[in-house]
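If you want the building blocks of each chain, they are given just below.
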Amino acid sequence: MRVEEENGVQKTTEDYLEAILMIKERQGYVRSIDVAEQLGVTKPSVTYTTKRLKEKGYITTDHAGMLVLTDSGMKVAGATYNRHKTLTDLFVRLGVHPEQARTDACKIEHDISEETFDALCKYMDANLKPVQGA
């Protein structure tokens, strides 16, 4: 699921939601400071953006003030994270160093169309062997 917003907010929205999902998987809870550290942004930037994400219905906060993805936020986060992991895997299979593959996947995951992404997935399944240990 791609978030359709104007003026480049799409990438920011996807980045934040993906970060929240990754942090939740890693440590079980998500604080604003965790998002700031993960994305390399300031706490005020996180406060501003999470307010917008709440207004759009992508996140809420629990009784302890932790960030929680809503169902719609989880759809976007999951799709973005899947694109990231799949593109990283593709690049590693092609011989790119894993760290560079992750960096490049992060740049591309927001701009690639669903059609092209689906075609890449089909191509990978049919033609590329999995990387050992992946």
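About the cut-offs
- Residues numbered from 1 in each chain as written.
- Predicted model: local features only at pLDDT ≥ 70, side-chain atom pairs only at ≥ 80, totals over all residues.
- Heavy atoms only, no water.
- pLDDT = per-residue confidence, 0-100.
- Helix = DSSP H or I, 4+ residues; strand = E, 2+ residues; numbered from the N terminus.
- Contact = heavy atoms within 4.5 Å.
- Axes fitted to C-alpha atoms, helices over the stretch in contact; angles between N-to-C directions.
- Parallel < 35°, antiparallel > 145°, perpendicular 65-115°, else oblique.
- Left-handed = near helix turned anticlockwise from the far one by under 90°.
- Phe/Tyr/Trp six-rings, centres within 6.5 Å; stacked < 30°, edge-to-face > 60°.
- Lys NZ or Arg CZ within 6 Å of the ring centre and 35° of its normal.
- Salt bridge = Lys/Arg side-chain N within 4 Å of Asp/Glu carboxyl O.
- Buried < 20%, exposed > 50% of the residue type's maximum accessible area, 1.4 Å probe, protein only.

J.: Would you mind going over the confidence of the model for the protein chain with me for this structure?
T.: Low pLDDT marks regions whose predicted coordinates should not be analysed in detail. Residues with a pLDDT of 70 or more make up 90% of the protein chain, whose mean pLDDT is 89. Mean pLDDT values for the elements of the protein chain range from 91 in helix α6 (residues 114-127) up to 97 in strand β2 (residues 67-69). Within the model, the stretch residues 5-9 combines pLDDT values under 50 with 4 contacts to residues more than four positions away or in other chains.

J.: Would you take a moment to explain the packing of helix α4 (residues 71-93) against helix α5 (residues 98-108) for this structure?
T.: Two numbers describe a pair of packed helices, the interaxial angle and the distance between the axes. It is at 8 Å that the axes of α4 and α5 come closest, and there the two elements cross at 135 degrees. Taken together, the axes of α4 and α5 lie oblique to each other. For the pair α4 and α5, the sense of crossing is right-handed. Judged by residue contacts, His84, Leu87, Thr88, Phe91 and Val92 of α4 engage Pro98, Ala101, Arg102, Asp104, Ala105, Cys106 and Ile108 from α5.

J.: Would you take a moment to explain the packing of aromatic side chains for this structure?
T.: One pass over the full model with this rule turns up 0 aromatic pairs. The ring centre of Tyr81 lies 4.5 Å from the NZ or CZ of Lys85, which sits over that ring.

J.: Could you clarify how one ought to interpret the pattern of salt bridges in this entry?
T.: Proximity of charged atoms lets side chains of opposite charge pair with each other. In the structure shown here, the tally under the stated rule is 6 salt bridges. For Asp15, the salt bridge is made with Lys11, and the minimal N-O distance between the two is 2.9 Å. Of the two residues, Asp15 and Lys11 are both situated in helix α1 (residues 9-27); the distance of 4 residues between them amounts to about one turn of the helix. On the basis of relative accessible area, Asp15 is assigned to the buried category, the value being 14%. On the accessibility criterion, Lys11 (39% relative accessible area) is partly exposed. Across the pair Arg52 and Glu55 runs a salt bridge whose closest N-O atoms are separated by 3.5 Å. Taken together, the positions of Arg52 and Glu55, both in helix α3 (residues 43-55) and 3 residues apart, correspond to about one turn of that helix. Judged by relative accessible area, which is 28%, Arg52 ranks as partly exposed. One connected set of salt bridges, linked through shared partners, spans Glu14, Arg83 and Glu114.

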